[in-house]
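Each chain, written out:
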Amino acid sequence: MGKVKKLVAAAMVSVMSLSVVGCNMIEQTAESKAKTVLAKVGDTNITLGDVDSELKADIDNLKQTYGQDYESSIPDSLKEQLKTVRTQVLNQLVNEQIMSQKAKALNLIPSDEELESKISEKTEELKGVYGGEEAFKSALEYYGYTDETFKEFMKTQVISEIVTEYMTKDVTISDEEVEKYYNTNIANYTTKPSATANHILFKSNNEDKEAADAEALAQANEAKAKIDSGEVTFDALFEKYSGNKAAGVYPISESLGTVEYDKSGYDTDFLAGLEKLGEGEISAPVKSSFGYHIIKATNVVKESTVKSFDEVKDSIKEKLLTEKKKEVYNTKLEEWKKELKVKTYEDKLS
């Protein structure tokens, strides 16, 4: 009996030893993998560890669900999602590193006092977005930020903004460009004859088509008579049937939003019925290929209207300025990537 106990004890020690070695192997593998270089910007390396530190909350969730060796356990679909997110973060870190290096080269880094002021200003804005000091602190904790690492993150953002402003400082949009865009895209500033359409659709599931049409029409006529007599309002019926579409039963009610009278993809009989209605009017039953509709029209526009150039020129100029700045930014960034000999190794994310 004593010999058996010793054998069992020895076996347990062996199992425990293997477990410890296995854990160490996982830890060593994880540590080694974290040092994998995913990009080089000048003399600076960006590693998998750098990327994953930006995804701390997500990585922690994966570890809690799938264990420390989560990458060998998660389903393929999740692996693809993780790779996509890591790639996005990698590109972000590369761009930030480019901005940081160019800020130094171009002497664009502000004084410590200016940095502190801008960081404080942006931090206060974020606190407002999150709904106050406590919620903001909880968010920082969730995403794995300490006061020090958050301050460093904000410093990077401030410097990136300063460099972006430098890159795009000479971008302008002329009045001629704005007017040309307006004339070329006049349809975008034209409101065509239309109405906001809410409707109730009556349809029967009777296999006999004639009988089905007759049943649906009878239901629609009955509902319209109740509306006309004041026994019930259209809005009350609309609300009553609002959940029927999800349940797959009729009648159903739907808000179709703004519908132009010549809108493609709509039943022409339905559009004709809608076009006859004035503001707030409710139709008699309208037959379409779907069944019978009772339609209510609001926000009725009977004639096309075009916004004047003066009404929209400021918004057009802002739109074109934003687009041109983005184009200049992307072009300059590519130039700087070549200058700094940027290399990325996204294949190492697989």
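Just so you know, these numbers come straight off a predicted model, no measurement behind them.

Cut-offs used in this document
- As a convention, each chain's residues are numbered from 1 in the sequence order in which they are written.
- Only residues with pLDDT of 70 or above have their local features reported here, since the model is predicted, and side-chain atom pairs are shown and tallied only from 80 upward, although totals for entire chains, interfaces and linings are computed over all residues.
- Computation of side-chain values: all heavy atoms of the structure, hydrogens and water removed.
- Strands here are runs of E lasting at least two residues and helices are runs of H or I lasting at least four, both read from the DSSP assignment and numbered beginning at the N terminus.
- The size measure is the radius of gyration over C-alpha atoms, and the globule rule it meets is 2.2 Å times the number of residues to the 0.38 power.
- Relative accessibility under 20% of the residue-type maximum defines a buried residue, over 50% an exposed one, and the middle range a partly exposed one, all with a 1.4 Å probe and only protein chains included.
- Charged-residue counts in this description rest on Lys and Arg as positive and Asp and Glu as negative, His and the chain ends being excluded.
- Here the site of a charge means NZ on Lys, CZ on Arg, CG on Asp, or CD on Glu.
- UniProt positions are given in the numbering used here, feature names are shortened, and annotations may be inferred rather than shown by experiment.
- Only strands that DSSP links by at least two bridges are regarded as paired with each other.
- Helix axes are fitted only over the stretch in contact, all axes being lines through C-alpha atoms; the angle between N-to-C directions runs from 0 to 180 degrees.
- Only heavy atoms matter for contacts: two residues are in contact if any of them lie within 4.5 Å across the pair.
- Working definition: the arc comes from the directions between the helix axis and the C-beta atoms, pointing outward to the latter.
- Here a polar contact means two N or O atoms within 3.5 Å. Within protein one must be a hydrogen donor candidate and the other an acceptor candidate, and residues neighboring in sequence count only if both atoms are side-chain atoms.
- Angle categories are assigned with fixed cut-offs, so that under 35 degrees is roughly parallel, over 145 is roughly antiparallel, 65 to 115 is roughly perpendicular, and the rest are oblique.
- Only one rule defines a salt bridge in this text: a Lys or Arg side-chain nitrogen within 4 Å of an Asp or Glu carboxyl oxygen.

A.B. asks: I tried to follow the overall build of the chain on my own but got confused; where do I start?
C.D. replies: Looking only at helices and strands, one finds 13 helices and nine strands in the chain. Relative to a compact globule of 350 residues, whose C-alpha radius of gyration would be 20 Å, the chain shows 32 Å and is clearly more extended. Taken over the C-alpha atoms alone, the chain extends approximately 90 × 85 × 40 Å along its principal axes. Expressed as a percentage of its 350 residues, the buried residues of the chain come to 29%. Separation of charge centres in the chain, based on 46 positive and 63 negative side chains, amounts to 7 Å.

A.B. asks: Even after reading the chapter, I still don't get the UniProt feature "domain: PpiC" (unreviewed entry) in the chain, so can you show me in this structure?
C.D. replies: With numbering aligned to this structure, UniProt lists the feature "domain: PpiC" (unreviewed entry) at residues 192-299. Secondary structure over residues 192-299 splits into 37% helix and 28% strand, and the C-alpha atoms at its two ends are 12 Å apart.

A.B. asks: Explain the sheet that holds strand S4 (residues 194-202) here, please?
C.D. replies: Paired through their backbone hydrogen bonds, the strands of a sheet run either parallel or antiparallel. Read across the sheet, four strands follow the order S5-S4-S7-S6 without closing on themselves; strand pairing throughout is antiparallel. Each end of this open sheet is capped by a strand with a single partner; those strands are strand S5 (252-260) and strand S6 (286-288). The average undirected angle you get between the axes of adjacent strands in this sheet is 35°. Here seven bridges tie S4 to S5, and the two strands are oriented antiparallel to one another. Along S5, the bridge assignment pairs Thr 196 with Thr 258. This element, helix H9 (residues 209-229), spans S4, S6 and strand S7 (291-301) of the sheet and lies at about 45° to S7.

A.B. asks: Which parts of the structure should I look at to understand the sheet that holds strand S9 (residues 343-344)?
C.D. replies: Pairing is antiparallel in the open sheet, where three strands are placed in the order S2-S1-S9. With partners counted over all chains shown, the strands left at the sheet margins are strand S2 (44-47) and S9, one partner each. Those strands touched by helix H4 (residues 76-105) are strand S1 (37-41), S2 and S9, and its axis lies near 25° from that of S1.

A.B. asks: How should I be thinking about helix H12 (residues 268-275) in this particular structure?
C.D. replies: Each full turn of the α-helix corresponds to 3.6 residues, which orients residues three or four apart in the same direction. Among the residues of H12, those classed as buried are Phe 270, Leu 271, Gly 273 and Leu 274. Taken end-on, H12 shows its buried residues confined to a sector of 160°, consistent with a single buried face. Turning to H12, the residues buried within the fold contact S4, S5, S6 and S7. The N-capping residue of H12, defined by a side-chain oxygen 2.8 Å from the backbone nitrogen of Asp 269, is Asp 267.

A.B. asks: Sorry if this is basic, but what is going on with the pairing of S2 here?
C.D. replies: Every regular strand shows the same layout, with side chains that alternate between the two sheet faces. With four bridges connecting them, S1 and S2 associate as antiparallel partners. Looking at S2, one finds that Val 41 is bridged to Thr 44. Hairpin connection of S1 to S2: two residues between the antiparallel strands, including Gly 42 at a positive phi of 60°.

A.B. asks: Quick question: what am I supposed to make of the packing of H4 against helix H13 (residues 309-339) here?
C.D. replies: Between two packed helices, what matters for the description is the angle formed by their axes and the separation of those axes. Between H4 and H13, whose axes approach to 11 Å, the crossing angle comes to 75°. In terms of orientation, H4 lies roughly perpendicular with respect to H13. Two secondary-structure elements touch here, H4 through Asn 95, Ile 98, Met 99 and Lys 102 and H13 through Tyr 329, Leu 333, Trp 336, Lys 337 and Glu 339.

A.B. asks: How should the environment of Leu 274 be read in this particular structure?
C.D. replies: On the secondary structure map, Leu 274 appears in helix H12. Taking relative accessible area as the criterion, Leu 274 reaches 0% and is therefore assigned buried. Between the C-alpha atom of Leu 274 and that of Val 51, which follows or precedes it by 223 residues, the distance is 55 Å. With near-sequence residues (within four places) excluded, Leu 274 lies in contact with Ala 195, Ala 197, Val 259, Tyr 261, Ile 295 and Ala 297.

A.B. asks: Which parts of the structure should I look at to understand the pattern of salt bridges?
C.D. replies: Note on pairing: side chains with opposite charge can pair once their charged atoms come close. Within this structure, the stated rule accounts for 22 salt bridges. The closest approach of N and O atoms between Lys 102 and Glu 339, which form a salt bridge, is 2.8 Å. Of the two residues, Lys 102 is situated in helix H4 and Glu 339 in helix H13; the sequence distance between them amounts to 237 residues. In this structure Lys 102 comes out as buried when scored by relative accessible area, which is 7%.

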